[in-house]
Each structure stands twice: as C-alpha cells, then as structure tokens.
There are 2 protein chains.
Amino acid sequence: MSAHNYVPKEPVQIECNIEKTLDVIGGKWAFLVLRELFCGTRRFGELQRMIPSVSPRALTTTLRHLEEKGVLERKVFPTVPVTVEYTLTPKGEDLTHILKEMKLWAARWTD
Amino acid sequence: MSAHNYVPKEPVQIECNIEKTLDVIGGKWAFLVLRELFCGTRRFGELQRMIPSVSPRALTTTLRHLEEKGVLERKVFPTVPVTVEYTLTPKGEDLTHILKEMKLWAARWTD
C-alpha cells in the first residue's frame, strides 16, 4: 500500500458517529416523541394525544426503538388498566444540544 | 374554545424547524456528501471515489436534493468532457454546528 492510498481513520470515525446519531433521531417520529419527553415523563396515551398524526402501532415501534437505543426508559405500573410511563435517560436528555442546533439552523435559514 | 384547549404556537414551530433540518440532512447519503464538501469544493467523480458505497444514481439524487435545499452550489464548466463542481453555500457551511453536536453526542454515548 503506497502513501497515496493511506486513508486517515478520523473521517471514517466521523461518518460512523453521525450515522449512529441519525439512526437514533432520524426516524419519522423519533424527534416528535423526544420533543414531548424533554418536557418530562409521559404515558403512552399522553404521547398519542400530543402527537395525533402518529398511529398507535408507529408510536409503539418508535418508543421501542428509542428504548433499545438507550435514550428512554419504560416503566410499567401494575395498575388496572396497566400504566406505562416513558422518561428520557441522561443519554436521551443529552440529545438536547443537537435538537437545539437543528432548531437554530432552520430558524436562520428557512421561512 | 376553552382555555384548556389552548395550544401555544411554539411547540409546532419547534417541530417544523427540526423537521425541516432532518429533511436536509436526514437522507441516507446526504451527510456523507456534506462531510466531503466541508473539506472544500469537489467534482462528481471525486465524490464518487470518496463515497464508494453510493451508486452514481443515488449520488445524483442526493446532490440534486441538497442543491434544491440551497445547501450546495453546482457549477458546470464547458470542458470536454464537461466538469461539474459542488461547493457548500453559507447555508450549507452553517450545518457544521449540527454535525459537530451529532459527532460529540455519539462520541460520549456510543462505542
């Protein structure tokens, strides 16, 4: 392998990191759910009411995805009917910097 | 409409702004192309070599999408064969803050 073929590691790392983040927040509904949870713990029904355009099935998929990615915590209370609550983890709360920059960029450059 | 039904405008605005930004950077290839262009002007062939996993068709679609969103500028030079160069606009360069926060978040929270 000649010196000209040398590829520094950093760009690949950058690609992976941005890809990993987009994998968490890039879905159609993820950021809408995250936005609600930044305001505090929410029940499934509350999220459904706050995001009326999402189907229960898509909301379940999104919540499961975000739970698997470790950005939210799901708590089940043995009430009748059962109560399920969703809360951001510290990893999820830390997404606030990205969402803030996204809001600022759009505010600066779009109508 | 009672006071209880009042929905403040701000959350909707936030949703729209984050959605607008994801619409620009959320595609499968967009951020890989943007990453290359942050380093400077690139020709079509250079981008293809730097992102070997993208097909020419997908690269063309991505570049057209980013041009339509106003984040890059396409310049055609009447050489034989024709030379096409892509450069970030100020709007595109300003995405650096978001991508930086995405890299930092992934570095803090993922392996």
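Structure's up top.
Throughout this description, residue numbers start from 1 for each chain and increase along the sequence as written. Written order decides the labels, with chains lettered from A and ligands numbered from 1. Local features in this predicted model are restricted to residues of pLDDT 70 or higher, and side-chain atom pairs are both shown and tallied only at a pLDDT of 80 or more, whereas totals for entire chains, interfaces and linings draw on every residue. With hydrogens and water set aside, each side-chain value is computed from the structure's full complement of heavy atoms.

Some points on the pattern of salt bridges
Then comes step 1: Between Lys or Arg on one side and Asp or Glu on the other, a salt bridge is scored when a side-chain nitrogen of the former is within 4 Å of a carboxyl oxygen of the latter. Counted by the stated rule, this structure contains 6 salt bridges over all chains.
Then comes step 2: Across the pair A:Arg35 and A:Glu36 runs a salt bridge whose closest N-O atoms are separated by 2.7 Å. For the pair shown, A:Arg35 and A:Glu36 are each scored as buried.
Then comes step 3: Residues A:Asp94 and B:Arg108 are paired through a salt bridge, measuring 2.7 Å at the closest nitrogen-oxygen approach. Using a 1.4 Å probe on the protein chains alone, a residue whose accessible area is under 20% of its type maximum counts as buried, one over 50% counts as exposed, and one in between counts as partly exposed.

Quick look at the environment of B:Asp23
Residues and elements named next belong to chain B.
Then comes step 1: By the criteria applied, helices consist of DSSP H or I runs no shorter than four residues and strands consist of E runs no shorter than two, each listed in order from the N terminus. The topology assignment puts aspartate 23 in helix 1 (residues 9-25).
Then comes step 2: The sequence separation of aspartate 23 and histidine 65 amounts to 42 residues, and the corresponding C-alpha distance is 9.6 Å.
Then comes step 3: Any N or O atom pair separated by 3.5 Å or less is treated as a polar contact, with the protein-specific requirement of one donor-capable and one acceptor-capable atom, and with residues adjacent in sequence counted only for side-chain atom pairs. Here the side chain of aspartate 23 touches lysine 69 through a polar contact of 2.6 Å, side chain to side chain.

Considering the pairing of strand 2 (residues 72-77) of chain B
Then comes step 1: A pair of strands is treated as paired once DSSP finds two or more bridges between them. The pairing of strand 2 of chain B with strand 3 (residues 83-88) of chain B spans 6 bridges and is antiparallel. Among the inter-strand pairings, B:Leu72 is bridged to a residue of strand 3 of chain B, identified as B:Leu88.

Looking at the environment of B:Leu63
Residues and elements named next belong to chain B.
Then comes step 1: Along the polypeptide, leucine 63 turns up in helix 4 (residues 56-68).
Then comes step 2: Assessed through its relative accessible area of 1%, leucine 63 is described here as buried.
Then comes step 3: The spacing of leucine 63 and glutamate 73 is 10 residues in sequence and 9.3 Å in space, taken between C-alpha atoms.

Quick word on the interface of chain B and chain A
Then comes step 1: The contact criterion used throughout is that any non-hydrogen atoms of two residues lie within 4.5 Å. On the chain A side, the residues contacting the 34 residues of chain B number 34 residues.
Then comes step 2: Summed over both sides, the interface between chain B and chain A buries roughly 3,400 Å², with carbon and sulfur atoms accounting for 72% of that surface.
Then comes step 3: Connecting chain B to chain A are 2 salt bridges.
Then comes step 4: Linking chain B to chain A there are 9 residue pairs in polar contact (both at pLDDT 80 or more).
Then comes step 5: With 12 residues, helix 1 of chain B is the single largest residue contributor to the side of chain B that touches chain A.
Then comes step 6: Under the grouping applied here, Gly and all other residues not named as nonpolar or charged are polar, the nonpolar ones being Ala, Val, Leu, Ile, Met, Phe, Trp, Tyr, Cys and Pro and the charged ones Asp, Glu, Lys and Arg. Residue composition of the side of chain B that touches chain A, by class: 19 nonpolar, 5 polar and 10 charged. Here the quantity called buried area is the total loss of accessible area, with a 1.4 Å probe, experienced by two parts when brought into contact, counted for both.

Overview of the packing of helix 6 (residues 96-109) of chain A against helix 6 (residues 96-109) of chain B
Then comes step 1: All axes are obtained by fitting lines to C-alpha atoms, using only the stretch in contact for helices, and the reported angles, taken between N-to-C directions, cover 0 to 180 degrees. Remark: helix 6 of chain A packs on helix 6 of chain B, axes separated minimally by 9 Å, with the N-to-C direction vectors making an angle of 175°. Classified by the angle their axes make, helix 6 of chain A and helix 6 of chain B are roughly antiparallel. Note on element contacts: helix 6 of chain B touches helix 6 of chain A through B:His97, B:Ile98, B:Glu101, B:Met102, B:Trp105 and B:Arg108, opposite A:His97, A:Ile98, A:Glu101, A:Met102, A:Trp105 and A:Arg108.
Then comes step 2: Classifying every residue of the contact of helix 6 of chain A with helix 6 of chain B gives 6 nonpolar, 2 polar and 4 charged. In this scheme, roughly parallel covers angles under 35 degrees and roughly antiparallel covers those over 145, while 65 to 115 is roughly perpendicular and the rest are oblique.

A closer look at the relation of the copies chain B and chain A
Then comes step 1: Superposing chain B onto chain A requires a rotation of 180° together with a translation of 0.0 Å along the rotation axis, leaving an RMSD of 0.0 Å. One copy is carried onto the other by what is essentially a two-fold rotation axis.
Then comes step 2: Here 100% of the interface residues in chain B have copies in chain A that are interface residues too; the copies meet face to matching face. Fitting of the copies onto one another was done by least squares over C-alpha atoms, counting residues only where both copies have pLDDT of at least 70.

Concerning the sheet that holds strand 3 (residues 83-88) of chain A
Residue and element names in this part refer to chain A.
Then comes step 1: The 3 strands lie next to each other as 1-3-2, forming an open sheet whose pairing is antiparallel. The open sheet terminates on both sides in strands that have one partner only, identified here as strand 1 (42-43) and strand 2 (72-77).
Then comes step 2: Relative to strand 3, helix 2 (residues 30-38) is tilted by about 90°, and along the sheet it contacts strand 1, strand 2 and strand 3.

Concerning the pairing of strand 3 of chain A
Then comes step 1: Of the pairings in the sheet, the one linking strand 1 of chain A to strand 3 of chain A comprises 2 bridges and is antiparallel in character. Within strand 3 of chain A, the position partnered with A:Arg43 by the bridge is A:Glu85.

Considerations on helix 4 of chain B
All names here are of chain B.
Then comes step 1: In this model, helix 4 (13 residues) spans 18 Å end to end at C-alpha, consistent with the 18 Å of a helix rising 1.5 Å per residue.
Then comes step 2: Burial in helix 4 covers these residues: Ala58, Leu59, Thr62, Leu63 and Leu66. Viewed along the axis of helix 4, the buried residues span an arc of 130°, placing them on a single side of the element. Helix 4 presents Arg57, Thr61, Arg64 and Glu68 as exposed residues on the side facing more than 90 degrees away from its buried surface.
Then comes step 3: Positive backbone phi, at 80°, marks glycine 70, one or two positions downstream of helix 4. For a helix, the expected span equals 1.5 Å multiplied by the residue count minus one. By definition, the arc is the one covered by directions from the helix axis to the C-beta atoms.

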